[in-house]
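Each chain, written out:
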Amino acid sequence: MEDEWPDPNLPTETLVLDADLQKKHQAMLDRLSNRHQARLDNSLARRSDSTNSSESTSSFLSRISDSKQSIDSQLADSRLIAQSDPSRLKSHFANISSSISDLEKLVAENSYFLPSYEVRSSLKSIFDLKQNLEILNS
């Protein structure tokens with residue numbers, strides 16, 4: 001109860017400083033509380049993201065597999081195009097190169113969320129596709 005009422009013996013300037021310190025202290029406590037709540041919210045968001053990581057990994061692997069099969073079929077088609085219409089071959093190779101670049105971009109964008117083995121495996125597949133394109137292009 002004594003703390004509620006200022007001591008009449010203290011100078012007014014000390015009382016004003018005390019009030020200012022209390023305001024600053026309360027503002028600091030509010031900032032700390034807000035920061036703590038934001039960290040808790042971020043932590044919960046990360047946990048929910050990590051529970052979906054196996055789903056996102058499988059969907060990523062599915063997209064990679066589909067893209068790789070598409071590029072493989074385009075590479076196989078290049079042999080037929082070379083025989084039937086060699087003038088279209090250059091643009092066909094440019095399309096394949098663009099598809100490989102898109103696949104590479106997909107791996108780069110998702111590499112943070114993927115297990116390292118999946119990243120290495122995907123990059124190896126991309127390297128193989130590039131080699132096959134280079135062999136056909138020469």
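Structural data are supplied above this passage.
Throughout what follows, the structure given in this document is the object of discussion.

### What to know about the overall build of the chain
Looking only at helices and strands, one finds four helices and zero strands in the chain. Reading the chain from its N terminus to its C terminus gives the helix and strand order α-α-α-α. Within the chain, the fraction of its 138 residues that count as buried is 17%. The long-range share in the chain, meaning contacts at least 24 apart out of those at least 6 apart in sequence, stands at 69%. In the structure as shown, the chain presents an accessible area of about 10,800 Å², 53% of it carried by carbon and sulfur atoms.

### What about the nonpolar core?
Soluble globular proteins: nonpolar side chains tend toward being buried together. Judged by nonpolar contacts, the single largest core of 17 residues is most densely connected at I71, I96, I100 and L103. Going through the elements one at a time, helix 2 (53-84), helix 3 (89-110) and helix 4 (116-137) are the ones with two or more residues in this core. The element that contributes the greatest number of residues to this core is helix 3, accounting for seven residues.

### A few points about helix 4
The terminal C-alpha atoms of helix 4, which comprises 22 residues, lie 31 Å apart, in line with the 32 Å expected from a rise of 1.5 Å per residue. Those residues of helix 4 lying buried are E118, V119, S122, S125, I126, L129 and L133. All buried residues of helix 4 lie within an arc of 130° about the axis, which places them on one face of the element. Exposed residues lying more than 90 degrees from the buried face of helix 4 are Y117, R120, E134 and I135.

### Concerning the pattern of salt bridges
Per the counting criterion, the structure on display carries three salt bridges. One salt bridge connects E104 with K130, and the closest N-O pair in it is separated by 3.0 Å. Residue E104 is found in helix 3, and its partner K130 is found in helix 4; the two are separated by 26 residues along the sequence. Classification of E104 as partly exposed rests on a relative accessible area of 30%.

The rules behind each value
- Residues numbered from 1 in each chain as written.
- Predicted model: local features only at pLDDT ≥ 70, side-chain atom pairs only at ≥ 80, totals over all residues.
- Heavy atoms only, no water.
- Helix = DSSP H or I, 4+ residues; strand = E, 2+ residues; numbered from the N terminus.
- Buried < 20%, exposed > 50% of the residue type's maximum accessible area, 1.4 Å probe, protein only.
- Contact = heavy atoms within 4.5 Å.
- Areas by Shrake-Rupley, 256 points an atom, 1.4 Å probe, with all protein chains shown as cover.
- Core = buried A, V, L, I, M, F, W, Y, C linked by side-chain atoms within 4.5 Å.
- Expected span 1.5 Å × (residues − 1).
- Arc of directions from axis to C-beta.
- Salt bridge = Lys/Arg side-chain N within 4 Å of Asp/Glu carboxyl O.

None of this, on its own, says anything about what the molecule does.
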